[in-house]
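Structure at a glance
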Amino acid sequence: MDELVLARSLFGTTMAFHIIFATLGVGIPLMILVAEIMYQRTNDLDYSVMAKRWTKAFAVLLGVGIPTGTIAGVQLSLLWPGFMEVIGRVMALPFQIEIYAFFIEALFMSIYVYAANRIAPWMRIISLILVAIGGLASAVLITNVHAFEGTPAGFNIVDGEITNVDPWKAFFNPSFFVTAGHVALSAYVVGSFTIASVAAFKMLRTPFGSRVYKFHGKALMICLFVGGVFAFFTAINGHESAQMLHEYQPEKLAAAEGLFETQTHAPLAIGGFTDREEQEVKWGIEIPWALSFLAGNSFDTEVIGLNDFPEEYWPPLFVHTLFNAMVAIGSLLILLALVAYVWKKLLKKDRYPKWMMWLFVAGGPLSILAIEFGWIFACTGRQPWTIYRILSTEDSVTTTGNIAVLFILFVTVYAILAVAVVLVLLYYFKRNPPQKDLDKTESKEIPLST
């Protein structure tokens, strides 16, 4: 197999595995913070128990996220030396600052874990805020390198040499804020819906009306509310992302929508599959003029089609399917949160139907799938470039061999880590069921030490 394909497959597998833990590492601290705030406001010990249990899960996930992130960093240097040469000279700031962001996250999580009962309530809140900021900053800083790849800035290449380097201009590249917003919002969606998925599953296996059932019901409601709000804002941010693509990476937008001919009043293709030979989206549903409006807030906006670019610059056309899958899942999550709110708050129903509960259970895995689809779309849609219109992926890859051996070894490591993290979580929560933590907390009538 071609070394380029192997290198992309290896790094893609690494990122597909790591991004699960990285995303949960941003989203779960926010939910711990929400639970802690709810406890401080209501003095309901259930929220204290939620914060404690979610912190334990976060610690396990963080223990896997750190080594997989380290592996990803090492692979960048081993597999993409051409890319890292540019990054090292132009875009090193995010990697340097990220060290301090991780330090803040780890430091204040340690304070919250080991000193929760020995510090004032407002100090617990501050600690969790700093944990959430540290986790978010780490994700945004590293993802900013991806933003730079799509909208490079802060340097010139003259006669093959990098000149006029401006690190801060590279850092605040044109897509920085939009990309950072999308990363943050989508991570909060994944964190909240993943916890909601667990809560819904436990409710299905717990007698209705029991103490534990009510505990999980509270967790489900706050997670669906937080997840629904952030899912809505993610959709708004997605609109901004489409406009960014229209301005800076038009062939990527065209591939996402299966648009081959440049036109105003361009239709938005929903579903279907892009047919390269027929140059159309088959079995899709077209919404007239909608793509032009999304791209420029006007139906008269001209959207550039793929035929205006050399075919070797076309991204893989299956990105249309990835993009649609991501949007469809995001829309479903918004709908789930809205239905839950109407059912519980407006209709005043005490119990969700079983079919609805199973949809809540599916919400967590689907949100993770949406992250995977979105990440693959973002990276694959930039092809054939590592740095858009400056450095091709082919010119970035290592020329050394034995990547196939590395691929097999790393996949084995990821499989072992995946099994290990599942077994550890199951073991811990089986030995420490909610009722045990609730009884322990109520007997002390103080916040449970995390």
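Everything in this summary refers to the structure shown in the same document. Only a predicted model underlies this, so the values are computations on that prediction, with no experimental measurement involved.

Let us look at the overall build of the protein. Helix and strand counts for the protein stand at 15 helices and eight strands. Over its C-alpha trace the protein gives a radius of gyration of 23 Å, about what one expects of a compact globule, namely 22 Å for 450 residues. Taking the principal axes of the C-alpha coordinates as reference, the protein spans close to 70 × 45 × 40 Å. Long-range pairs, those at least 24 residues apart, make up 78% of the contacts in the protein with a sequence separation of at least 6.

A few words on the packing of helix α8 (residues 211-248) against helix α9 (residues 250-257). Closest axis-to-axis distance for the α8/α9 pair is 5 Å, and the angle between their directions is 125 degrees. In terms of axis orientation, α8 runs oblique to α9. Counted together, Ala242, Leu245, His246 and Tyr248 of α8 and Pro250, Lys252 and Leu253 of α9 form the full contact between these two elements. Residue classes in the contact of α8 with α9 are distributed as five nonpolar, one polar and one charged.

On the surface, a nonpolar cluster with roughly 480 Å² of combined accessible area is contributed by Trp122, Met123, Ile126, Ile129 and Ile133. Mapping Ile126 onto the fold places it in helix α5 (residues 121-150). Accessibility expressed as a relative area gives 39% for Ile126, which makes it partly exposed.

Both the distance between ring centres and the angle between the ring planes are used here to describe each pair of aromatic rings. In total, this model carries 23 aromatic pairs according to the counting rule given. When the ring of Phe172 is compared with that of Phe176, the centres are 5.3 Å apart and the planes differ by 90 degrees; the resulting orientation is edge-to-face. For Phe172, a relative accessible area of 43% corresponds to the partly exposed category. Residue Phe176 is classed as buried on the basis of its relative accessible area of 9%.

Within the element layout of this structure, Thr68 appears in helix α2 (residues 45-79). Engagement of the side chain of Thr68 in a polar contact is seen with the side chain of His18, the distance being 2.8 Å. A distance of 3.1 Å separates a polar atom in the side chain of Thr68 from the backbone oxygen of Gly65. Ignoring sequence-local partners within four residues, the contact set of Thr68 consists of Thr14, Phe17, His18 and Leu417.

What counts as what
Residues numbered from 1 in each chain as written. Predicted model: local features only at pLDDT ≥ 70, side-chain atom pairs only at ≥ 80, totals over all residues. Heavy atoms only, no water. Helix = DSSP H or I, 4+ residues; strand = E, 2+ residues; numbered from the N terminus. Rg over C-alpha atoms; globule rule 2.2 N^0.38 Å. Contact = heavy atoms within 4.5 Å. Axes fitted to C-alpha atoms, helices over the stretch in contact; angles between N-to-C directions. Parallel < 35°, antiparallel > 145°, perpendicular 65-115°, else oblique. Nonpolar A, V, L, I, M, F, W, Y, C, P; charged D, E, K, R; others polar. Patch = residues over 30% accessible without salt bridge, like charges linked within 9 Å, V, L, I, M, F, W, Y side chains within 5 Å. Areas by Shrake-Rupley, 256 points an atom, 1.4 Å probe, with all protein chains shown as cover. Salt bridge = Lys/Arg side-chain N within 4 Å of Asp/Glu carboxyl O. Buried < 20%, exposed > 50% of the residue type's maximum accessible area, 1.4 Å probe, protein only. Phe/Tyr/Trp six-rings, centres within 6.5 Å; stacked < 30°, edge-to-face > 60°. Polar contact = N/O pair within 3.5 Å; in protein donor to acceptor, adjacent residues only side chain to side chain.

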